[in-house]
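Report on the structure
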Amino acid sequence: MLARMAKRFHKVHIEISNICNLQCSFCPAVIRDNKMMDLDLFRDIVKQVAPLTELVCLHLMGDPLVHPKLEAMIEICDEYDANLFLVTNGVLLRPEKYTLMLHRRFYQINFSLHSFFDNFPDKDPSNYLERIFAFTERALIERPDLYLNFRLWNLNDPLGSQTPNTEMLERICQRFDFNAPSELDVRKRKSINIKNRLYLHFDTEFIWPSLDLPVLGTSGKCYGLSSHFGVLVDGTVVPCCLDKEAAIPLGKVQDASILDILGSRRAQDIVKGFKQKQLVEKLCQRCQYIERFN
């Protein structure tokens, strides 16, 4: 079992790469230059955040399986006792990576299965699913403490639209001998246990915040800087995992310690604002996701 202890943050997102091998309709394109984080910067970040967070998420934008130094990064996290959370579309998952993905430091792995038909609407998903299912079956035996999520976002939109993800659900049910609910309102129930620590995860899509969008409101709260924050691939600290273009740059790891950055006036004003249900940043005032907390 992985050791869990209460720390200041639940999760810190370290964007080891902003490059993805797919381009899903749900994920907006990254405007920043394509980049992969080097090991020295990654080590410096992990060394600072390991005492602060329960989990290190190797993702903000991009897919972590793209990074050629992923194994070295996992070993760095192991060195600093940092437990890992990983989100991937799974397309690059191959049998030779199974052992790496079963590393003791992984606490949870999410597979975004909805990404397949979004990119390959006319392609047979059998080979893709077989690799993920084979890994899952091995994980259930070798890592019974590892949480696994099959994400099927917009499987059943509250507005009634259907997606090809229904086929994915049928294949999951057949492989793991599971009966899914015939009706599901993802606004009320987002997670369903298949067996052991394997889950289905549902959600509806939302519009990513952008400074180009109209203001939605100036009041509300968020868990940015209280439960989580992010570090982009260039070392820029951002308050939220949805600040994909660093609209709220709090500082750079290369210029100041993460604790000093989190203690900066701008960061503290954001936290104070959330506590008082005030959105002090322009990006937050344009964030649809915040509506889920109000």
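Here the structure is a predicted model, which is why all the values come from computation and not from measurement.

**Some details on unusual backbone geometry**
Its identity as a non-glycine residue notwithstanding, Asp177 has a phi of 50 degrees, on the positive side. As for its placement among the helices and strands, Asp177 is situated in the loop between helix 6 (165-175) and strand 6 (191-195). For Asp177, a relative accessible area of 73% gives the class exposed. Positive phi, normally seen in glycine, also occurs at Asn196, with a value near 50 degrees. In this structure, Asn196 sits in the loop between strand 6 and strand 7 (198-201).

**Here's the deal with the pairing of strand 5 (residues 147-151)**
In terms of burial, strand 5 is largely enclosed, as four of its five residues are buried. Sheet analysis places strand 4 (residues 106-112) next to strand 5, joined by five bridges and oriented parallel. Paired with Gln108 across the two strands is Tyr147, which belongs to strand 5. Taken together, the four bridges between strand 5 and strand 7 define a ladder with parallel strand orientation. Its bridge partner lying in strand 7, Leu148 is registered against Leu198.

**Here we look at the packing of helix 5 (residues 126-142) against helix 6**
With their axes 12 Å apart at the nearest point, helix 5 and helix 6 run at an angle of 40 degrees to one another. Regarding the angle of helix 5 to helix 6, the classification is oblique. In this structure, helix 5 meets helix 6 at a crossing whose hand is right-handed. In this structure, helix 5 contributes Ser126, Tyr128, Leu129, Glu130, Phe133, Ala134 and Glu137 to the contact, and helix 6 contributes Met168, Arg171, Ile172 and Arg175. By residue class, the composition of the contact of helix 5 with helix 6 is six nonpolar, one polar and four charged.

**Focus on the confidence of the model for the protein chain**
The pLDDT averaged across the protein chain works out to 92; a share of 93% of its residues lies at or above 70. Note on residues 158-162: pLDDT under 50 across the span, and eight contacts to partners over four residues away in sequence or across chains.

**Remarks on helix 6**
Looking only at helix 6, the buried set comprises Asn165, Met168, Leu169, Ile172 and Cys173. Here the buried residues of helix 6 occupy an arc of 135 degrees about the axis, which is enough to place them on one side. The exposed residues of helix 6 that point more than 90 degrees off its buried face are Glu170 and Gln174. Among the residues trailing helix 6, Asp177 stands out with phi positive, at a value near 50 degrees.

**With respect to the sheet that holds strand 8 (residues 228-231)**
Within a sheet, each strand pairs with its neighbour through backbone hydrogen bonds, oriented either parallel or antiparallel. One open sheet accounts for ten strands, arranged 6-7-5-4-3-2-1-8-9-10; its pairing is mixed. Looking at strand neighbours, the two that pair on one side only are strand 6 and strand 10 (251-252), the edges of this open sheet. Across two bridges, the pairing between strand 2 (residues 53-57) and strand 3 (residues 84-88) is parallel. By the bridge assignment for strand 3, Cys57 is matched with Phe85.

**Here's the deal with helix 1 (residues 39-49)**
A turn of α-helix holds 3.6 residues, and therefore any two residues three or four places apart point the same way. Looking at helix 1, one finds that the buried residues are Leu41, Phe42, Ile45, Val46 and Val49. Seen end-on, helix 1 carries its buried residues on one side only, within an arc spanning 130 degrees. Exposed positions of helix 1 whose direction lies more than 90 degrees from the buried face are Asp40 and Lys47. On its buried face, helix 1 is in contact with strand 1 (9-14), strand 2, helix 2 (70-79), strand 8 and helix 7 (258-262). Two or three places before Asp40, at the start of helix 1, stands the capping residue Asp38, its side-chain oxygen 3.1 Å from that residue's backbone nitrogen.

**Some remarks on the nonpolar core**
Core analysis: the largest hydrophobic core is formed by 90 residues, its most contacted members being Ile14, Phe42, Phe135, Phe150, Leu200 and Phe229. Beyond its immediate sequence surroundings of up to four residues, Phe42 is in contact with Ile14, Ile16, Met37, Leu58, Met73, Ile76 and Cys77. Listed in part, the five residues of the second largest apolar core include Leu55, Cys57, Val87 and Tyr107.

**Regarding the environment of Asp122**
Structurally, Asp122 is set in the loop between helix 4 (114-119) and helix 5. Classification of Asp122 as exposed rests on a relative accessible area of 79%. Linking Asp122 and Asp243, residues 121 residues apart in sequence, is a C-alpha distance of 33 Å.

**Concerning the pairing of strand 3**
The element strand 3 is largely enclosed, with a buried count of five among its five residues. Burial along strand 3 is two-sided: Leu84, Leu86 and Thr88 and Phe85 and Val87, pointing in opposite directions, are all buried. As for the winding sense of the linkage, the β-α-β connection from strand 2 through helix 2 to strand 3 is right-handed. Note that strand 3 and strand 4 share five bridges and pair parallel. If you follow Val87 over to strand 4, its bridge partner there is Asn110.

About the criteria used
- Residue numbers here run from 1 along each chain, matching the order of that chain's written sequence.
- Local features in a predicted model are, by the rule used here, given only for residues with pLDDT of at least 70; side-chain atom pairs are given and counted only at 80 or more, and totals for whole chains, interfaces and linings are based on all residues.
- The basis for the side-chain values is all heavy atoms of the structure; hydrogens and waters are excluded.
- Labels follow the DSSP assignment, with helices taken as runs of H or I lasting at least four residues and strands as runs of E lasting at least two, numbered in each case from the N terminus.
- Only protein chains enter the area calculation, which uses a 1.4 Å probe; residues under 20% of their type maximum are buried, those over 50% are exposed, and those in between are partly exposed.
- Pairing between two strands requires that DSSP report at least two bridges joining them.
- Axis lines are fitted through C-alpha atoms, for helices just across the contact stretch, and the angle between N-to-C directions can take any value from 0 to 180 degrees.
- By definition in this entry, angles of less than 35 degrees are roughly parallel, angles greater than 145 are roughly antiparallel, angles of 65 to 115 are roughly perpendicular, and the rest are oblique.
- Note on convention: near helix rotated counterclockwise from far helix by under a right angle means a left-handed crossing. Clockwise means right-handed.
- Contacts are assigned to residue pairs with any non-hydrogen atoms lying within 4.5 Å of each other.
- Side-chain classes are defined by residue name, with Ala, Val, Leu, Ile, Met, Phe, Trp, Tyr, Cys and Pro counting as nonpolar, Asp, Glu, Lys and Arg as charged, and the others, Gly among them, as polar.
- Predictor confidence is given residue by residue as pLDDT, running from a minimum of 0 to a maximum of 100.
- The arc in question is the one traced by the directions running from the helix axis out to the C-beta atoms.
- In the analysis that follows, any N or O atom pair within 3.5 Å is treated as a polar contact, provided that within protein one partner can donate a hydrogen and the other can accept it, and provided that, for residues neighboring in sequence, both atoms belong to side chains.
- Nonpolar cores are built from buried Ala, Val, Leu, Ile, Met, Phe, Trp, Tyr and Cys residues. Side-chain atoms within 4.5 Å join them into one set.
- A clockwise path from the first strand over the helix to the second, with the strands pointing away from the viewer, defines a right-handed crossover.

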